[in-house]
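Read off the chains here:
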Amino acid sequence: MTKLYLVRHGETVDNVRQIMQGQTQGELTEVGIEQARRLADEMKNWDVDAFVASDLKRSIDTCRILAAPHGKEVVETPLLRERDWGGFTGQHIPDIKLHDPWPDDIETLEELKQRAARFLDFIRREYGGKTVVAVGHGIINKAIQAVYFGKVMKEIPRMTNAEVRELSL
C-alpha cells in the first residue's frame, strides 16, 4: 500500500492580499514559513520515503522545509501545479464576478481532474508501496481528493495552508 500525505503549501503574500495566484510562483510569508516549520516538526519522526512538490516556488519552499529533517531531496512535478486561472490570474479575488463570463483560457474542472488522476497514477507508478509527502495547492489538492474519493470537487472541504490529508493508494 502506498501512503500519500497531501499537503497544501504555507501561506503566501498573495493569499494575504487575496490575489488569484494560479500558476504564478508565489512567495511564502513569515507566517507561511512558520506553518511549514511547525508541520516539519510534527512530521520529523514519520517514516517518509519521498517528498514531491508542485514545481511552483511556494510549494517547493514548503516541501523543502518538510523534507529537511529527513535529509531528503524534493522531486518537482508540474502535475501538482495549481489550477491555471488564465485571465483571472493576478486579479483581486473579491473583485472577480463569478456570474460574468469566465475567460476562455481557464483550465476546466475536467482538465484539472484529468491532471489529478495523472498525478495519482504517477505516485502509484513511481512510489508504489512507499510513503510520500506531496505539497500542492488548494484547488489541485481538492481535485486529487475528488478523483480519489469519486466525488465532485465541491464536496471536498477546502484545505487550509500547511494542512495535511492522508490517502492510501
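Cut-offs used in this document
- Residues numbered from 1 in each chain as written.
- Predicted model: local features only at pLDDT ≥ 70, side-chain atom pairs only at ≥ 80, totals over all residues.
- Heavy atoms only, no water.
- Buried < 20%, exposed > 50% of the residue type's maximum accessible area, 1.4 Å probe, protein only.
- Helix = DSSP H or I, 4+ residues; strand = E, 2+ residues; numbered from the N terminus.
- Pairing = 2+ DSSP bridges.
- Axes fitted to C-alpha atoms, helices over the stretch in contact; angles between N-to-C directions.
- Parallel < 35°, antiparallel > 145°, perpendicular 65-115°, else oblique.
- Contact = heavy atoms within 4.5 Å.
- Nonpolar A, V, L, I, M, F, W, Y, C, P; charged D, E, K, R; others polar.
- Left-handed = near helix turned anticlockwise from the far one by under 90°.

## Considering the pairing of strand 2 (residues 50-54)
Part 1: The buried fraction of strand 2 amounts to 5 of the 5 residues, a majority that puts the element mostly inside the structure.
Part 2: Bridging between strand 2 and strand 4 (residues 131-136) involves 4 bridges; their strand directions are parallel. By the bridge assignment, valine 52 is partnered in strand 4 with alanine 134.
Part 3: Of the strand pairs in this sheet, strand 2 and strand 3 (residues 74-77) are connected by 4 bridges, and their pairing is parallel. Following the sheet pairing, serine 54 is matched in strand 3 by threonine 77.

## Let's talk about the packing of helix 4 (residues 109-127) against helix 5 (residues 138-149)
Part 1: Across the interface, helix 4 lies against helix 5 with an axial gap of 8 Å and an inter-helix angle of 75°. As far as their axial angle goes, helix 5 and helix 4 are roughly perpendicular. Where helix 4 approaches helix 5, its residues Leu112, Lys113, Arg115, Ala116, Ala117, Phe119 and Leu120 are matched on the opposing element by Ile139, Ile140, Ala143, Ile144, Ala146, Val147 and Tyr148.
Part 2: Classifying every residue of the contact of helix 4 with helix 5 by side-chain character gives 12 nonpolar, no polar and 2 charged.

## What about the sheet that holds strand 5 (residues 164-168)?
Part 1: Reading across the sheet, the 5 strands line up as 3-2-4-1-5 and stay open at both edges, with mixed pairing between neighbours. Two strands close off the open sheet at either side, each with one partner strand: strand 3 and strand 5. Taken over all neighbouring pairs, the strand axes of this sheet differ in orientation by 25° on average, direction set aside.
Part 2: Examined bridge by bridge, strand 1 (residues 3-8) and strand 5 share 5 bridges and lie antiparallel to one another. Across the sheet, the residue bridging to lysine 3 is serine 168, located in strand 5.
Part 3: Each of strand 1, strand 2, strand 3 and strand 4 touches helix 3 (residues 57-67); the most contacted strand, strand 2, lies at about 165° to it.
Part 4: Helix 4 rests against strand 1, strand 2, strand 3 and strand 4 of the sheet, and its axis sits at about 155° to strand 2.

## A word on the packing of helix 2 (residues 30-43) against helix 3
Part 1: Direction vectors running N to C along helix 2 and helix 3 enclose 35°, while the axes themselves pass 8 Å from each other. Seen along the crossing, helix 2 lies across helix 3 with a hand that is right-handed. When helix 2 is examined against helix 3, the residues Ile33, Ala36, Arg37, Leu39, Ala40 and Met43 are found in contact with a partner set consisting of Thr62, Ile65 and Leu66.

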